[in-house]
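Fold and contact review
In case you want the letters, here they are:
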Amino acid sequence: MKRIVTIQDISCVGKCSLTVALPVISAMGVETAVIPTAVLSAHSVFEGFTFHDLTDDIDPIVRHWQSQGLTFDAIYTGYLGSMEQIEVVSRLFEAFRTPKNLIFVDPAMADQGKLYAGFDMDFARRMTDLCAMADIIDPNVTEACLMTDTPYREQYDAAFVEELLDKLAALGAKTVVLTGVSLEPGTTGVVSLDTRTGERFHYAHARQPGQFHGTGDIFSSTVVGGLMRGLSLSQALTLAADFTYACIRQTTLDPDRRWYGVSFERAIPYLLERMESVKTL
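Every value quoted in this text rests on a predicted model; they were computed, and no experiment measured them. (Residues numbered from 1 in each chain as written. Predicted model: local features only at pLDDT ≥ 70, side-chain atom pairs only at ≥ 80, totals over all residues. Heavy atoms only, no water.)

Of all hydrophobic cores here, the largest spans 47 residues; its most connected members are Leu 92, Phe 93, Val 105, Met 127 and Leu 178. Apart from the residues within four sequence positions on either side, Val 105 is in contact with Thr 77, Phe 93, Met 127, Leu 130, Cys 131, Ala 134, Ile 136, Ile 137 and Asp 138. Formed by 37 residues, the second largest nonpolar core is a distinct cluster that contains Val 20, Val 30, Phe 212 and Ala 240. (Core = buried A, V, L, I, M, F, W, Y, C linked by side-chain atoms within 4.5 Å. Buried < 20%, exposed > 50% of the residue type's maximum accessible area, 1.4 Å probe, protein only. Contact = heavy atoms within 4.5 Å.)

Here it is as structure tokens:
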């Protein structure tokens, strides 16, 4: 069984970050270790949420794991809450990087043309250094624009997307993935570029109207799980896009839906069925 470690926050209520990554990746048959970067009473869409920073605990966790000889097939980062945490995670990469493992960075910091609360452009620029250490990065369009000093646009064409991919590639990651790409009305999807081969990939599906929290975490977690189960990048991206859409569809059909997250739990059987339909390790 493959083993990964994912580094991101815990929102005690609100389906995002570790409370998405752990069940999704575990359901895919991959052992999932965690390093929580913070504990929140609920994710930041809730007013008045509590926040407890765990930055000071990360280095001791790393040292203990090193003393036990632990290794990981992948290192996956999501939401990081500060510049200091980016620096700490950079050291973690150096501690656990091997010639064979995968480093996957989701630079979760912005959407819909603006940074999340508490972040600024200095944070976005520092995130580019972490992305340079990664094998795969998967920003959305807003995050890609921020990290490449590209003016954000609500409407764009294929040439704009190709330009963003090339600018992301210049940051240094081996493979760049761009999420939330809408090139046709009523659709959304994902594009990628392998900087070593020049191979490009595009997959689109129907777009469900509305805003759904935590879908980026579902997508990234599914990609990592798929890669660990032996899927090619294109297979993992396709699976992740379809599963994310299935989670959204389950949410729209759920009479007891939670406004703060999607009903990903109801879609896990679909994920497992899809995993059975492809050749896995």
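Once that is clear, we can look at the side chain of Glu 143. Following the sequence through the fold, Glu 143 ends up in helix α5 (residues 141–147). Within the buried core, Glu 143 has no salt-bridge partner, and the shortest N-O distance to an opposite charge, that of Lys 114, equals 14 Å. Sequence-distant contacts of Glu 143, that is, excluding residues within four places in its chain, are made with Asp 106, Pro 107, Ala 108, Met 109 and Ala 110. (Helix = DSSP H or I, 4+ residues; strand = E, 2+ residues; numbered from the N terminus. Lys, Arg positive; Asp, Glu negative; His and termini not counted. Salt bridge = Lys/Arg side-chain N within 4 Å of Asp/Glu carboxyl O.)

With that settled, consider the sheet that holds strand β11 (residues 200–206). Taking strand neighbours across the sheet as the criterion, the 9 strands line up as β3-β2-β1-β4-β5-β8-β9-β10-β11 in an open arrangement whose pairing is mixed. One side of each edge strand has no neighbouring strand; the edge strands of this open sheet are β3 (51–53) and β11. In this sheet, strand β5 (residues 102–105) lies alongside strand β4 (residues 74–77) in parallel orientation, the contact comprising 4 bridges. Paired with Thr 77 across the strands is Val 105, a residue of β5. (Pairing = 2+ DSSP bridges.)

In this structure, the second largest pocket spans a volume of roughly 430 Å³. Forming the walls of the second largest pocket are 19 residues, and the residues nearest its centre are Lys 100, Asn 101, Leu 102, Asp 135 and Met 228. (1 Å grid on protein atoms, 1.4 Å probe; cavity = no way out; pocket = protein on both sides within 12 Å on 5 of 7 lines; lining within 4 Å. Points joined across faces, edges and corners; volume = space filled by probe spheres on them.)

This next bit is on unusual backbone geometry. Backbone geometry at Ser 17 places phi at a positive 50 degrees, although glycine is not the residue there. Overall, Ser 17 belongs to the buried group, its relative accessible area being 4%. The phi torsion at Asp 149 lies on the positive side, around 55 degrees, for a residue other than glycine. Along the chain, the position of Asp 149 falls in the loop between α5 and α6 (158–169).

For the coordinates displayed, the defined rule picks out 13 salt bridges. With a closest N to O distance of 2.6 Å, Asp 59 and Arg 91 form a salt bridge. Here Asp 59, found in helix α2 (residues 55–67), pairs with Arg 91, found in helix α3 (residues 83–96); they are 32 residues apart in sequence, far enough to count as distant. Owing to a relative accessible area of 38%, Arg 91 belongs among the partly exposed residues under this scheme. Between Glu 163 and Lys 167 there is a salt bridge, and its shortest N-O distance comes to 3.1 Å. Here Lys 167 and Glu 163 lie together in helix α6, a separation of 4 residues that amounts to about one turn. When its relative accessible area of 37% is taken as the criterion, Glu 163 is described as partly exposed. Within the structure, one salt-bridge network assembled from shared partners comprises Glu 87, Arg 126 and Asp 129.

To continue, consider the packing of aromatic side chains. In total, this model carries 10 aromatic pairs according to the counting rule given. For the ring pair Trp 65 and Phe 72, a centre distance of 5.2 Å and an interplane angle of 50 degrees mean the geometry is tilted. Here Trp 65 matches Phe 72 in class, with each residue buried. Site record: aromatic cluster; members linked through ring pairs are Phe 46, Trp 259 and Tyr 260. (Phe/Tyr/Trp six-rings, centres within 6.5 Å; stacked < 30°, edge-to-face > 60°.)

Attention shifts here to the pairing of strand β9 (residues 175–181). Of all 7 residues making up β9, 6 are buried, and the element is well covered by its neighbours. As paired strands, strand β8 (residues 136–137) and β9 are joined by 2 bridges and run parallel to one another. Within β9, the residue paired with Ile 137 across the bridge is Val 176. Bridge count for β9 against strand β10 (residues 187–194) is 6 bridges, and the pairing is antiparallel. Residue pairing in the sheet places Thr 179 in a bridge with Val 190 of β10. Between the end of β9 and the start of β10, which pair antiparallel, lie 5 residues, with Gly 186 showing a positive phi angle near 80 degrees.

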